[in-house]
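Examining the three-dimensional arrangement
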Amino acid sequence: MKQRNDSIMRGRLARFAALLLVYTAVVWLLPRPESVSPEGWRLLGIFAATIAGLILQPISGGALVLAAIIAAIILGGMTPVEALAGFADTTVWLVIAAFIISDALIKTGLARRIALLFVRAVGRSSLGVCYALASTDLVLASIIPSNAARSGGVVLPIARSIAELYNSRPGPTAALMGTFLMTGVYQSICVTSAMFFTGQASNPLAAQMAGEAFSFQVTPLSWFAAAVVPGLCSLALVPLIAQRLAPPGIRHTPEAREFAASELKKMGPTSRAERIVLGIFLGVCGAWMTTPLHGIDITTTAMLGAVALFFTGVLNWEDATGNRAAWDIFIWYGGLLRLGKALAEEGITSAFAGGVGGVLGGFGWPVLLGVALLIYFYAHYGFASITAHMLSMFVPFGTVLLAQGAPLGLVFFSFACFTNLSAGLTNYGTTPSPMFFAARYASFGQWWKIGFAASVVNLAIWFTIGFGWWKLIGIW
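If you're wondering where the values come from, they're calculated on a predicted model, not measured in any experiment. The residue count restarts for each chain, going from 1 along the sequence in the order it is written. Reporting of local features is limited, given that this is a predicted model, to residues whose pLDDT is at least 70; pairs of side-chain atoms are given and counted only at 80 or more, and all residues count toward the totals for whole chains, interfaces and linings. Note that the side-chain values use all heavy atoms of the structure and ignore hydrogens as well as water.

Section: the side chain of T426
Using the following cut-off: Starting at the N terminus, helices and strands are each numbered in turn, a helix being any DSSP run of H or I of at least four residues and a strand any DSSP run of E of at least two. Burial status follows relative accessibility: with a 1.4 Å probe on protein chains alone, a residue under 20% of its type maximum counts as buried, one over 50% as exposed, and anything between as partly exposed. For the purposes of these results, a polar contact is taken to be a pair of N or O atoms within 3.5 Å, where, inside protein, one atom must be able to donate a hydrogen and its partner to accept one; residues adjacent in sequence count only when each atom of the pair is a side-chain atom. By definition in these notes, contact holds between two residues if any of their heavy atoms fall within 4.5 Å.
Along the chain, the position of T426 falls in the loop between α21 (408–422) and α22 (432–437). Given a relative accessible area of 0%, T426 falls into the buried group. At a separation of 3.0 Å, a polar atom in the side chain of T426 contacts the main-chain amide nitrogen of G429. In contact with T426, other than residues within four places in its own chain, are Y186, Y381, S433, W447 and W448.

What follows is the structure in structure tokens.
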């Protein structure tokens, strides 16, 4: 036992040494742009080491991010208030509220009932279930302007329930169905986020930025017209990628419809608690859809729904505090979100984009666009927010490309859509990713492997079919 503990400790120390090496290499070996302060450059080193730590995992992700926050205060020039501001971010609290609502759906059995209805309708195969859940998110994306709200509060509980329906749970039985469903559905959510003006919170922001910076006007209809063809192609293929790399042990389920019907009969009519949860759920979704009318932030609406579950007795406070996954996300996702924003505030990402433009300025705009999009896409490994990615890099890259003569419509839609697609790379790329990853059906390596494979497929589709479709409909 002592030898085993010593071996574990040596391995942990080696991984910590690797993180220190990453930090040192960034801070001392990479040339610092004059526009970036020494403190900002050290923040970049801290962020790079943190991302490396999430891969190597010398300690848990939450503890690692807390260490990064402390380092940002000591080395990065941030005050404690600034460093801890990520935990006050509305996106982080939206995650917590979504987890609470998801818990109620599962605790009352409503999610199981919905899952059974789903299985009865389309459950002939695990791939069919994945497509059905992706289609559900596709429909909701047209009216709910938050991928976290619809996927975390609606799709994720159903996916979990269907996996558990076939006795697929985190651990030895995860590969039966859960690993495939969690990864395949999540990759599909990234595609649906790119397909609608309301698909994700940063999409209207991107349109606003294009109007202010480049006088390019975008409407919900023009966005959907641009994204529908390449988006449907991606939706058709990404579940197949997940199935290939995380093959479910259960593929054919010809008896699923009969089983689901039998289980629904055993459950009987909906209970009082189920009806309460359904009413709160529909009320929250209705408030999300009508946000432009009443102006209440979607996080406020979600929190109201969560509190209503406590007041009605459907959930108690112990249910919320006992959700270890939710509070783990609160720590590491909030911390990463703040560090990512700090990099943008320090001008690091703008300097990065400007450097790319300076190096490639001698090429024609087609080459520059292709290279810039690839760099922009894979730069999302360094972001825990689609919005932060868009805010920090879209306008600098767009300015460089337009100066080289690139068509404005092509520049806007490629960057706006690719930002959403790039969120599939990691388990922290956008708000729903930590929710799905926290279900613990897929390992860190599986998640990143499938994310990278899906990125290659998506890029191939949107660079060819997407650009061709945009040429056909006159975007460029």
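Section: the packing of helix α20 (residues 386–403) against α21
Applicable threshold: Every axis in this analysis is a line fitted to C-alpha atoms, fitted for helices over the stretch in contact. Angles between the N-to-C directions lie between 0 and 180 degrees. What sets the label is the angle itself: under 35 degrees gives roughly parallel, over 145 gives roughly antiparallel, 65 to 115 gives roughly perpendicular, and the rest give oblique. A crossing counts as left-handed when the near helix is turned anticlockwise from the far one by less than a right angle, and as right-handed when that turn is clockwise. Residues are grouped as follows: nonpolar covers Ala, Val, Leu, Ile, Met, Phe, Trp, Tyr, Cys and Pro; charged covers Asp, Glu, Lys and Arg; every other residue, Gly included, is treated as polar.
The N-to-C vectors of α20 and α21 enclose an angle of 155 degrees; their axes lie 10 Å apart at closest approach. One way to sum up the angle between α20 and α21 is to call them roughly antiparallel. Between α20 and α21 lies a crossing of right-handed hand. Two secondary-structure elements touch here, α20 through I386, H389, M390, F394, F397, G398, L401 and L402 and α21 through L408, V411, F412, F415, A416, T419, N420 and S422. Along the lines of polarity and charge, the residues of the contact of α20 with α21 split into 11 nonpolar, 5 polar and no charged.

Side note on unusual backbone geometry
At S215, a position not held by glycine, the phi torsion is positive, near 55 degrees. According to the relative accessible area criterion, S215 is exposed, its value standing at 61%. Located in the positive-phi region is R440, a residue other than glycine, with phi close to 65 degrees. Relative to the elements of secondary structure, R440 occurs in the loop between α22 and α23 (444–472). Classification of R440 by relative accessible area gives exposed; the value is 52%.

Some points on the nonpolar core
In a soluble, globular protein the nonpolar side chains are often hidden away together inside. To keep it simple, the criterion reads: Only buried Ala, Val, Leu, Ile, Met, Phe, Trp, Tyr and Cys residues count toward a nonpolar core, and they belong to the same one when joined by side-chain atoms within 4.5 Å.
Grouped together as the largest cluster of nonpolar side chains are 109 residues, with contacts concentrated most on L309 and L336. Residues V218, A226, L373 and W470 belong to the second largest nonpolar core, which totals 53 residues.

A few points about a nonpolar patch on the surface
The cut-off we apply is this: Note on patches: the residues involved have over 30% relative accessible area and no salt bridge, like charges join within 9 Å, and the nonpolar side chains Val, Leu, Ile, Met, Phe, Trp and Tyr join within 5 Å. Computed by Shrake-Rupley with a 1.4 Å probe, the accessible areas treat only the displayed protein chains as cover when residues are assessed. Salt bridges are identified by distance alone: a Lys or Arg side-chain nitrogen within 4 Å of an Asp or Glu carboxyl oxygen.
A cluster of nonpolar residues, M9, L13 and F16, forms a patch on the protein surface that exposes about 280 Å² of accessible area. Among the structural elements, F16 can be located in helix α1 (residues 2–29).

Comments concerning the packing of aromatic side chains
What counts here: A pair of Phe, Tyr and Trp rings is counted when the ring centres sit within 6.5 Å of each other, with Trp represented by its six-membered ring. The angle between the planes then sorts it: under 30 degrees is stacked, over 60 is edge-to-face, the rest tilted. Counting as a charge over the ring demands two things of the Lys NZ or Arg CZ atom: a distance within 6 Å of the ring centre and an angle within 35 degrees of the ring normal.
By the definition in use, this model includes 35 aromatic pairs. A ring pair is formed by Y376 and F397, whose centres lie 6.0 Å apart and whose planes are at 85 degrees; its orientation type is edge-to-face. Of this pair, Y376 sits in helix α19 (residues 365–378) while F397 sits in helix α20, and the two are 21 residues apart along the sequence. Y376 gets classed as buried once you look at its relative accessible area, which sits at 0%. Here the guanidinium or amino end of K471 rests over the ring plane of W476, the centre of that ring lying 4.6 Å away.

Let's talk about the packing of helix α10 (residues 202–214) against α20
Running from amino to carboxyl end, α10 crosses α20 at an angle of 30 degrees, the nearest separation of the two axes being 11 Å. It follows that α10 is roughly parallel to α20 by the angle criterion. Note that α10 runs across α20; the crossing there is right-handed. Contacts from S202, L205, A206, M209, A210, A213 and F214 in α10 reach I386, T387, M390, L391, F394, V395, G398, T399 and L402 in α20. Grouping the constituent residues of the contact of α10 with α20 by class yields 12 nonpolar, 4 polar and no charged.

With respect to the side chain of T419
Considering the arrangement of structural elements, one finds T419 in helix α21. Using a relative accessible area of 0% as the deciding quantity, one classes T419 as buried. For T419, the side chain forms a polar contact with the side chain of Y376, separated by 2.7 Å. There is a polar contact of 2.5 Å between the side chain of T419 and the backbone oxygen of F415.

Looking at the environment of L138
Structurally, L138 is set in helix α7 (residues 126–141). Look at L138 and you get buried, because its relative accessible area is 19%. Placed 54 residues apart in sequence, L138 and T192 show a C-alpha to C-alpha distance of 5.4 Å. The residues touching L138, leaving out its near neighbours within four places in the chain, are T192, M195, F196, L232 and L235.

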